[in-house]
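Breakdown of the fold
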Amino acid sequence: MDLKKCIMNNKKVMIVGAGIAGPALAIELLKKGAWVTIIEARSREEMTEGLFLGISPNGLNVLANLIDISRIYDEYVPGTLRFYNSKAKQIAELDASYQNDAYGIASIQVKRSAISNLLHEMLIELGCFVEYECKLESIEYFGEKINIKTSKENYQGYDYLIGADGIHSKCRKLLFPDSPQPNYTKMLSTGAVVKIPNQATPSEAIKMMFGKQAFFGFSTTNTGETWWFNNYDAEQEPHRPVSDDESQQLKIKKDLLELHAQDHRKISEIITASNDLFAYPIFDMPVLERWYAGRVCLIGDAAHAISPHTGQGASLALEDGAVLAKCLIKYDDPELAFSRFQQLRSGRVAKIIAQARKIGKAKSKPNWVINLFRDSMLKYFINMEKKKMHWVYGYDVNKLDI
Ligand SMILES: Cc1cc2nc3c(=O)[nH]c(=O)nc-3n(C[C@H](O)[C@H](O)[C@H](O)COP(=O)(O)OP(=O)(O)OC[C@H]3O[C@@H](n4cnc5c(N)ncnc54)[C@H](O)[C@@H]3O)c2cc1C
């Protein structure tokens, strides 16, 4: 495409949030000649916060259009899932390697910071201006051009403002002050990265153990680190990051050890060896009727946060970035571009969110009848997953009729 003829050439785009959705959109628009600025509340160092997340073929195929995807395998775990009961007896396996043939790439787990770093490098290579420690405070002018006020300085004369600022989006609050707020689900997603000397052999699969009282997932990366996660019932939402609070860390560790006391000892060993526990509250986000107004549009978690139960948060954020870029490149009118974007995305996203809720319920509150049924039948049901997940993994942003 002749860049000069591209609608986005020389357009000024302000993106709030350098998580996953923001950079994905930015890279596509920069390639089409747009001037993109990203403001990010966290410092560059704080962008390493967080643990690891799952990315499935639908997300990886978008990522492969943005960066050199081979670098993502520097540190990872393959996405094959092996399910165990509380005594560590394998009850089923969901092999992800078939996805290589079906979709050209297979699901993996990677550190959130690894994706963030690779996207950041590409942004800089393409000449994007990224301002860290800079928070959106208000939208000052909302007409033919957008002016915003931030914690650092004011930015003026933007053609578009994109809110990619996550589940507690300031942009969403400014755009739709009466929109419902995310609800705390009384569940924390906890986990850690730990080196355990006798456990350095890379895992072929992520081990998913249905404990007597709670679910526990763990694996060892190709670099010998153990990554584990657990969804933990917690009545009170933490008021500050758990990583900064030693007493909360100790409490969570004690609770988890109690919760898994009757399960295979490996779980207790892993929890005991962990020092820097990460925990973030899981929120349920009410459906937002509109994701846009005027020249402002929300993407990723800001528009439609999803619980971590299906591991689709990052993949959906990547898809959003790619689809919105295509809409902006096709339609000069913001109303047309944004409404087409929401039309293309809302049905898919709602269906995946519903699926995540269902999986979340299945992981919590086990009872012995369900456990018995699960232990004997899961291996039969799991085979249906390949077919059931095809519409999720086989999504190809390049085949969409924009
Ligand atoms: C620090 C952090 C750690 C995470 N760790 C994990 C994890 O370990 N496992 C997992 O499955 N998911 C994790 N997530 C969630 C996961 O990254 C998202 O669900 C998914 O990637 C969707 O991406 P997103 O770009 O829409 O939102 P996010 O990845 O949440 O990115 C939003 C960005 O916007 C920034 N921001 C917020 N408000 C403002 C403002 N007013 N002005 C400027 N910038 C703002 C935030 O600092 C953040 O970097 C984490 C999210 C964050 C923010």
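Residues numbered from 1 in each chain as written. Predicted model: local features only at pLDDT ≥ 70, side-chain atom pairs only at ≥ 80, totals over all residues. Heavy atoms only, no water.

Observations concerning the overall build of the protein
- Assigned secondary structure in the protein consists of 12 helices and 19 strands.
- Here the C-alpha atoms of the protein give a radius of gyration of 21 Å, agreeing with the 21 Å that 2.2 N^0.38 yields for 402 residues.
- Each principal axis of the C-alpha distribution contributes one length, and for the protein these read about 65 × 45 × 40 Å.
- Put simply, the protein has 402 residues, and 55% of those count as buried.
- Within the protein, contacts between residues at least 6 apart in sequence are counted, and of these 73% link residues at least 24 apart.
- Carbon and sulfur atoms make up 52% of the accessible area of the protein, which amounts to about 18700 Å² in all.
- Here the protein contributes 50 positive and 48 negative side-chain charges, whose respective centroids are spaced 5 Å apart. (Helix = DSSP H or I, 4+ residues; strand = E, 2+ residues; numbered from the N terminus. Rg over C-alpha atoms; globule rule 2.2 N^0.38 Å. Buried < 20%, exposed > 50% of the residue type's maximum accessible area, 1.4 Å probe, protein only. Contact = heavy atoms within 4.5 Å. Areas by Shrake-Rupley, 256 points an atom, 1.4 Å probe, with all protein chains shown as cover. Lys, Arg positive; Asp, Glu negative; His and termini not counted. Charge placed at Lys NZ, Arg CZ, Asp CG, Glu CD.)

Examining the packing of helix α2 (residues 57–66) against helix α9 (residues 313–330)
- It is the contact of α2 with α9, at a shortest axis distance of 8 Å, that shows an interaxial angle of 50°. As far as their axial angle goes, α9 and α2 are oblique. Relative to α9, the crossing made by α2 is left-handed. Across the interface between the two elements, Asn58, Gly59, Val62, Leu63 and Leu66 from α2 touch Ser315, Leu318, Glu319 and Ala322 from α9.
- The residue inventory of the contact of α2 with α9, partitioned by class, reads 5 nonpolar, 3 polar and 1 charged. (Axes fitted to C-alpha atoms, helices over the stretch in contact; angles between N-to-C directions. Parallel < 35°, antiparallel > 145°, perpendicular 65-115°, else oblique. Left-handed = near helix turned anticlockwise from the far one by under 90°. Nonpolar A, V, L, I, M, F, W, Y, C, P; charged D, E, K, R; others polar.)

Considering the packing of aromatic side chains
- One pass over the structure, following the stated rule, counts 14 aromatic pairs.
- Here phenylalanine 52 and phenylalanine 229 contribute two aromatic rings whose centre-to-centre distance is 6.4 Å and whose plane-to-plane angle is 65°, an arrangement assigned as edge-to-face. Pair noted here: phenylalanine 52 is in strand β3 (residues 52–55) and phenylalanine 229 is in strand β16 (residues 226–233), with a separation of 177 residues, a long-range link.
- Residue class for phenylalanine 52 comes out buried when judged on its relative accessible area of 12%.
- What links up through ring pairs into an aromatic cluster is the set Phe52, Phe83, Phe210, Phe215, Trp227 and Phe229.
- Lying over the aromatic face of tyrosine 158, lysine 12 brings its terminal NZ or CZ to 4.5 Å of the ring centre.
- Of note, lysine 386 hangs over the ring of tyrosine 98, and the distance from its end group to the ring centre comes to 4.9 Å. (Phe/Tyr/Trp six-rings, centres within 6.5 Å; stacked < 30°, edge-to-face > 60°. Lys NZ or Arg CZ within 6 Å of the ring centre and 35° of its normal.)

A few points about the site of the ligand
- Close contacts around the ligand come from 29 residues, with Glu40, Arg42, Leu51, Arg112 and Asp301 the closest.
- With respect to the ligand, the backbone of alanine 41 contributes an N or O atom lying 3.0 Å from a nitrogen atom.
- Leucine 51 has a polar backbone atom sitting 2.7 Å from an oxygen atom of the ligand.
- About the coverage of the ligand: the protein hides 87% of its 920 Å² of free accessible area.
- Counting residues per element, the shell around the ligand draws most heavily on α9, which supplies 3 residues.
- When grouped by side-chain class, the residues that make up the shell around the ligand number 15 nonpolar, 6 polar and 8 charged. (Near = heavy atom within 4 Å. Polar contact = N/O pair within 3.5 Å; in protein donor to acceptor, adjacent residues only side chain to side chain.)

Side note on the pattern of salt bridges
- Using the criterion set out here, one finds 18 salt bridges in the structure.
- The closest approach of N and O atoms between glutamate 75 and lysine 111, which form a salt bridge, is 3.4 Å. Of this pair, glutamate 75 sits in the loop between α2 and β4 (77–78) while lysine 111 is found in strand β7 (residues 108–111), placing the two residues 36 residues apart along the sequence.
- Look at lysine 111 and you get buried, because its relative accessible area is 18%. (Salt bridge = Lys/Arg side-chain N within 4 Å of Asp/Glu carboxyl O.)

Here we look at the sheet that holds strand β6 (residues 90–94)
- Within the open sheet, the 7 strands sit side by side as β6-β5-β14-β15-β16-β13-β17. Their pairing is mixed. Each end of this open sheet is capped by a strand with a single partner; those strands are β6 and β17 (278–284). Sheet twist, expressed as the mean angle between neighbouring strand axes with direction ignored, is 20°.
- Relative to β6, strand β5 (residues 81–84) is paired through 4 bridges, and the arrangement is antiparallel. The partner of phenylalanine 83 across the bridge, within β6, is alanine 92.
- In the packing of helix α6 (residues 246–259) onto the sheet, the strands contacted are β13 (183–194), β16 and β17, and the crossing angle to β16 comes to about 85°. (Pairing = 2+ DSSP bridges.)

Overview of the side chain of serine 169
- Mapped onto the fold, serine 169 is located in the loop between β12 (160–163) and α5 (170–175).
- The buried category is assigned to serine 169, whose relative accessible area is 0%.
- In this view, serine 169 contacts Leu298 and Ala302; residues no more than four positions away in its chain are not counted.

As for the domain arrangement of the protein
- Entries for the protein in the domain assignment read domain 1 (3–78 + 109–182 + 285–378 + 389–399) and domain 2 (188–283).
- Taking only C-alpha atoms into account, the centre of domain 1 sits 27 Å from that of domain 2.
- Listed per partner, the contact involves 24 residues of domain 1 and 28 residues of domain 2.
- For the pair domain 1 and domain 2, the summed buried area comes to about 2200 Å², and 66% of that belongs to carbon and sulfur atoms.
- Between the two partners, domain 1 and domain 2, sit 1 salt bridge.
- Among the salt bridges present, the one from glutamate 225 reaches lysine 111, with a minimum N-O distance of 3.0 Å. (Domains from an automatic or database assignment. Buried area = accessible area lost by both parts, 1.4 Å probe.)

Describing the pairing of strand β1 (residues 12–16)
- Of all 5 residues making up β1, 4 are buried, and the element is well covered by its neighbours.
- Where the polypeptide runs from β1 across helix α1 (residues 21–31) and back to strand β2 (residues 35–39), its parallel neighbour, the crossover connection is right-handed.
- Inspection of the sheet shows β1 paired to β12 by 4 bridges, in the parallel sense. By the bridge assignment for β12, valine 13 is matched with tyrosine 160. (Right-handed = clockwise from strand over helix to strand, strands pointing away.)

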